[in-house]
Amino acid sequence: MPTERSRGQPSWVFPCALLAALAFTVGRHVGPPGPLYWDSFAYVGQAVTGRVGGLLLGRPAWVLAAHLAVSLARALGATVAVAEPLLRYLCLATSALAAPLTARLSLAAGLSPREAWWAGLVVALSPAAGHAAFAALTDGPAMTLSLAALTCAATGRWAAAGALAGLSAGVREPSLAVLVPCALLAWREPRRARCLLALSLGASVVLALVAAWALTTQPGWWQGLSRWREAMQAEREAHHHGLRDLGHYALWVLCLGPAAVCAALLTDRARFSPSRWKAFALWAPAMAQLALLALYQDIAYAPRYLLGVFPCAVALPAGVRLARSAHPWRWLLALGLPAILAGPYLRHRELPLRRALDETPSRLRALPPGALVVTGQPCPAVTLTRTLALEDPRWWGGAPPSWRVLCPAWGRAEPVSVTLFRARREGVFVVLDDRPGVWVGPGQRALRAEVLRWASALGDPPAPPVYSVLR
């Protein structure tokens, strides 16, 4: 990757644009053609309503930006149906910037232009990064903001680095860890105290502004942190981390790019030793975070949790190794082939769930008032449909929805059987969603089995309007 010229336009503009375009194309090819991730549905609902969610501080900076984008689209005449595709493409465009930023960060860390180019290619061609990028999620934008913060820190722009780190934390709170490598970079500067102060002030000001917006516009925002901690504690007690989770973790690391991971393992570690401080300050904290993520209780669900550490832990060392290869075209094929194959493979695997999600709104229209829907992976789609219908009656076109949903989520206040037996006493119409592909993972299948046991206790067949199966 070329360095900057002394005159005219910097020579890295075209390569960076090429990396961003490549990352955008990979995300469009690999990513799902609609909402699929559990959290995406909640994020779309929050973007429409402008209310933060229940995850830690609620991603207030992301909610504010997404709400402004959706509100502008609605002001121009669009219905709430535009919210999800609009956010999906905005997230993809923002996430695609991570590839050129990785290349720029590599140059700032002392890697050669060729090594920086390969590091950017590793991020651009990652199947896992592309799949998460083309979704209404915070992971991709937070990765981009964190890389921007690190690039500013590596080039001595400490206040900007702190501000971008604070903004990244407002998009996804775990991104605040990016301050660790930023502080390590500042530690070796001649004016260490001044650099650290500028870094801290930049982050504090942005976080204070985000918190002020949340405190003044979100009722009960601060109390939500306590509710989140209690729910996470209950989930940790119910979910025992084991070999299955570690197996998924190993698989997710490979999903970042099998060839890239192999290249990173074979790289010259001397290039990331403390004697090369900038590269070491970026690589070592990311590797520590990558190791700790093996113990994260939800790591079995998706590789997107690894995206925050992917560029520095994998892409930078892989770039060093790939740049020295005598057969670059073979490595390029090894990097690109998984992304090419991942698109059709994932679409085929996700097809039953994709169909169930797409037809969920029309299925809900046929339910009687007050019905209780028991479902698995489409559960947040049911909640989102209700949110959109209440926010935009013009889009819904019918009576306001009054059905409820029972989700296989953490934080449930009582056993499922208690909820269902109470519904029966009250004459509520209970609907079990048993369409193909809707029950994903052992936790959701356990809920389905519990509902079936409850249904079998009602007699065969259960008398309507107590119970019905949606197929």
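Draft legend 1. Quick peek at the layout of surface pockets. Taken as a whole, the second largest pocket spans an internal volume of roughly 330 Å³. Lining the second largest pocket are 20 residues, and of these Pro35, Glu84, Pro361, Leu384 and Leu388 sit closest to its centre. Mapped by element, the contributors of at least two residues to the lining of the second largest pocket are α2 (38–49), α4 (83–96), α17 (328–365) and α18 (379–391). For the lining of the second largest pocket, the leading source of residues is α17, giving five residues. By residue class, the composition of the lining of the second largest pocket is 14 nonpolar, three polar and three charged.

Draft legend 2. Broad picture of the pattern of salt bridges. Per the stated rule, a full pass over the model turns up 12 salt bridges. Taking the shortest distance from any N to any O, the salt bridge between aspartate 268 and arginine 324 comes out at 3.7 Å. Linking aspartate 268 in the loop between α14 (258–265) and α15 (277–292) with arginine 324 in the loop between α16 (310–323) and α17, this pair joins segments that are 56 residues apart in sequence. Its salt-bridge partner being arginine 354, residue aspartate 358 comes within 3.1 Å of it at the nearest N-O pair. With aspartate 358 and arginine 354 both in helix α17 and four residues apart, the pair spans about one turn of that helix. Under the relative-accessibility criterion, aspartate 358 is labelled exposed at 53%. Accessibility expressed as a relative area gives 9% for arginine 354, which makes it buried. Here the residues in one salt-bridge network are Asp39, Asp139, Arg172 and Arg304, joined through shared partners.

Draft legend 3. A look at unusual backbone geometry. A positive phi angle, close to 50 degrees, is found at arginine 59, a residue other than glycine. By relative accessible area, which is 6% here, arginine 59 ends up buried.

Draft legend 4. Structural detail: the side chain of serine 168. Inspection of the secondary structure puts serine 168 in helix α9 (residues 158–171). Taking relative accessible area as the criterion, serine 168 reaches 0% and is therefore assigned buried. Apart from the residues within four sequence positions on either side, serine 168 is in contact with Ala142, Leu145, Ser146 and Ser175.

Draft legend 5. Molecular detail of a nonpolar patch on the surface. A surface patch of nonpolar side chains, amounting to about 390 Å² of accessible area, comprises Leu333, Leu337, Ile340 and Leu341. Within the secondary structure layout, isoleucine 340 lies in helix α17.

Draft legend 6. Looking closely at the state of the cysteines. Enumeration according to the criterion identifies one disulfide in this entry. Two residues share a disulfide in this structure: cysteine 379 and cysteine 407, whose sulfurs sit 1.7 Å from each other. Judged by the sign of its S-S torsion, about -95 degrees, the bond between cysteine 379 and cysteine 407 is left-handed. Here cysteine 379 is found in helix α18, whereas its partner cysteine 407 is found in the loop between β2 (404–406) and α20 (416–425), with 28 residues between them in sequence.

Draft legend 7. Spotlight on the packing of helix α3 (residues 60–75) against α9. It is at 5 Å that the axes of α3 and α9 come closest, and there the two elements cross at 80 degrees. Between α3 and α9, the interaxial angle falls into the category roughly perpendicular. Mapping the contact onto sequence places Pro60, Ala61 and Trp62 in α3 and Leu167, Gly170 and Val171 in α9.

Draft legend 8. Up close: empty space enclosed by the protein. In total, this model carries three cavities of 30 Å³ or more according to the counting rule given. Approximately 90 Å³ is the volume found for the largest cavity. Lining the largest cavity we find 14 residues, and of these Ala23, Ser95, Val123, Ala129 and Ala133 sit closest to its centre. If you list the elements that add at least two residues to the lining of the largest cavity, you get α1 (13–30), α4, α5 (98–108), α6 (113–124) and α7 (127–133). Counted by class, the lining of the largest cavity contains 10 nonpolar, four polar and no charged residues.

Draft legend 9. Layout of the environment of leucine 295. For leucine 295, the location among the structural elements is in the loop between α15 and α16. Residues leucine 295 and histidine 241 lie 54 residues apart in sequence; the distance between their C-alpha atoms is 7.4 Å.

Calculation criteria
Residues numbered from 1 in each chain as written. Predicted model: local features only at pLDDT ≥ 70, side-chain atom pairs only at ≥ 80, totals over all residues. Heavy atoms only, no water. 1 Å grid on protein atoms, 1.4 Å probe; cavity = no way out; pocket = protein on both sides within 12 Å on 5 of 7 lines; lining within 4 Å. Points joined across faces, edges and corners; volume = space filled by probe spheres on them. Helix = DSSP H or I, 4+ residues; strand = E, 2+ residues; numbered from the N terminus. Nonpolar A, V, L, I, M, F, W, Y, C, P; charged D, E, K, R; others polar. Salt bridge = Lys/Arg side-chain N within 4 Å of Asp/Glu carboxyl O. Buried < 20%, exposed > 50% of the residue type's maximum accessible area, 1.4 Å probe, protein only. Contact = heavy atoms within 4.5 Å. Patch = residues over 30% accessible without salt bridge, like charges linked within 9 Å, V, L, I, M, F, W, Y side chains within 5 Å. Areas by Shrake-Rupley, 256 points an atom, 1.4 Å probe, with all protein chains shown as cover. Disulfide = S-S within 2.5 Å. Axes fitted to C-alpha atoms, helices over the stretch in contact; angles between N-to-C directions. Parallel < 35°, antiparallel > 145°, perpendicular 65-115°, else oblique.

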